[in-house]
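# A look at the structure
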Amino acid sequence: MKVSSSIVASAIALACHANAGDGDFDAFGDYTVHSQLKITGTGKVIRVPIKPFKISVETDGVTVRLASEGQADAWSSFTIYRSDGIGRQNSAGGPLEVVPGVQATSNHGGVHKHLRLTRDTLTLTSFPGVSDQTLITHAILTPPANKPASDSRHESTAP
């Protein structure tokens, strides 16, 4: 797997979206949650029926904060631990590619959460400490209201 310098530079820019250390959070984007999966301890995968909802994302370059639409004062905070890109595989057995992105974690109330964030997607995985179930939430970037969806950028689009 080869990582180009532009991928690394983009990932660093994504992680340092704002000036780290000044305590100011800047809006990163809004994402629409479109699916949730529950994986049981026996390996059974269950699709959880949900109504799509929006999540707002902010960062200061060290912490990522998520809030559900209409809940601007109720944040979930995640500490960034990797900012050198996100590996993904577009097809089974296909090559692994690295796209700009960050990974962050949160431990609160016995629940470990892992956040995978790119400019197009948000994946949140929750591991409750006293349960054999894992919940995976997938979201995609919500296009700005003033631009049509066909004009939005995607991970596979060259900068």
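Whatever comes next refers back to the structure up there.
Residues numbered from 1 in each chain as written. Predicted model: local features only at pLDDT ≥ 70, side-chain atom pairs only at ≥ 80, totals over all residues. Heavy atoms only, no water.

What follows covers the pairing of strand β1 (residues 26-39). When β1 meets strand β3 (residues 53-59), the two strands line up antiparallel, connected through seven bridges. Residue pairing across strands places aspartate 26 opposite threonine 59, the latter belonging to β3. Pairing of β1 with strand β11 (residues 134-141), which is carried by eight bridges, proceeds in the antiparallel orientation. Considered in β11, the bridge of isoleucine 39 is made with threonine 134. With four bridges connecting them, β1 and strand β2 (residues 45-48) associate as antiparallel partners. Directly across from lysine 38, in β2, lies its bridge partner isoleucine 46. Between the antiparallel neighbours β1 and β2 lie five residues, among them glycine 43 with a positive phi of about 90 degrees. (Pairing = 2+ DSSP bridges. Helix = DSSP H or I, 4+ residues; strand = E, 2+ residues; numbered from the N terminus.)

Core analysis: the biggest nonpolar cluster contains 16 residues, and Val57, Val64, Leu66, Leu115, Leu117 and Leu122 have the highest contact counts within it. Elements with a minimum of two residues in this core: β1, β3, β4 (63-68), β5 (76-82), β8 (101-108), β9 (111-118) and β10 (121-128). A per-element tally of this core places β1 first, with three residues. (Core = buried A, V, L, I, M, F, W, Y, C linked by side-chain atoms within 4.5 Å. Buried < 20%, exposed > 50% of the residue type's maximum accessible area, 1.4 Å probe, protein only.)

Don't take any of this as a statement about function, it's just geometry.
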